[in-house]
Amino acid sequence: MKFCSECGSANLVLRKTNHDTHSRYTCADCEKIFYHNPKVIAGCIVEHENKYLMCQRAIKPRTGTWTLPAGFMECGETVEQAAQREVWEETGAQIEIIAPYSIFSVPQINEVYIMFRAKLEAFTDEPGPETLAAELLSAEQIPWDNIFYPAIKDILQRYIAEKEQGTFGMYMGCSDEGIVHFMQ
Ligand SMILES: [Zn+2]
């Protein structure tokens, strides 16, 4: 940023105050501090009759790969509402959220993924423009070699294995240097 959004000054400096862990752009004229924080991405594993709702991406990055419906949370909504809205935008489906399943941080790009377990209620609309195709796929039908991001593949494989065992856990994890970790 070049100008203070509060007073219009170009006199912005990077400054770290006592009791703060990070340097912040601060307006030297009006003292406004500009915080830069991670974005939350909310989404769902939507299950229906032993199939999983997946989207083929119409947008970059990695156009054509398959992923779980998920997207950036908007201001003014809860994380559950964000997950429901993103599922609807990307697949046209109405869903019911069951429980949180995975919280996954990607600190290199300042993103946090919160994924829920959910069940399908109905398809009410067409998929939106960010999706080439939205389909319910069985474990055998999922294109495992063409998944958007390693953590998405991990989450889905874990879910399917747990479903067969009959108990779902809840997971947190992170990605560092391209390696995906989930803690048990
Ligand atoms: Zn200012």
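What counts and what doesn't
- Residues numbered from 1 in each chain as written.
- Predicted model: local features only at pLDDT ≥ 70, side-chain atom pairs only at ≥ 80, totals over all residues.
- Heavy atoms only, no water.
- Domains from an automatic or database assignment.
- 1 Å grid on protein atoms, 1.4 Å probe; cavity = no way out; pocket = protein on both sides within 12 Å on 5 of 7 lines; lining within 4 Å.
- Points joined across faces, edges and corners; volume = space filled by probe spheres on them.
- Helix = DSSP H or I, 4+ residues; strand = E, 2+ residues; numbered from the N terminus.
- Nonpolar A, V, L, I, M, F, W, Y, C, P; charged D, E, K, R; others polar.
- Donors = N, O, S within 2.8 Å, 3.2 Å for Na, K, Ca; no water.
- Tetrahedral: all angles 85-135°; square planar, octahedral: opposite > 155°, others 65-115°.
- Buried < 20%, exposed > 50% of the residue type's maximum accessible area, 1.4 Å probe, protein only.

Undergrad: If you had to explain the domain arrangement of the chain to someone new, which residues and values would you point to?
TA: Put simply, an interface is often sized by how much accessible area is lost when its parts join up. The domains assigned to the chain are domain 1 (1-36) and domain 2 (39-176). The C-alpha-based centres of domain 1 and domain 2 are spaced at 36 Å.

Undergrad: Give me empty space enclosed by the protein: which residues, what numbers.
TA: Taken as a whole and assessed by the stated rule, the structure comprises one cavity of 30 Å³ or more. Within this model, the largest cavity holds a volume of roughly 50 Å³. Elements with a contribution of two residues or more to the lining of the largest cavity: strand 9 (111-123) and helix 2 (150-165). The residue makeup of the lining of the largest cavity, split by class, is seven nonpolar, no polar and no charged.

Undergrad: Residues and numbers for the coordination of the zinc ion, please.
TA: Those donors, C4 (SG), C7 (SG), C27 (SG) and C30 (SG), are the protein atoms that reach the zinc ion, and they lie 2.3 to 2.4 Å from it. The site at the zinc ion holds four donor atoms, and with the angles between them running 104 to 115°, its shape is tetrahedral. Site description for the zinc ion: donor spacing in sequence, C-x2-C-x19-C-x2-C. Of the two residues, C4 sits in the segment before strand 1 (12-15) while C30 sits in the loop between strand 2 (24-27) and strand 3 (33-34), which places them 26 residues apart along the sequence. Residue class for C30 comes out partly exposed when judged on its relative accessible area of 32%.

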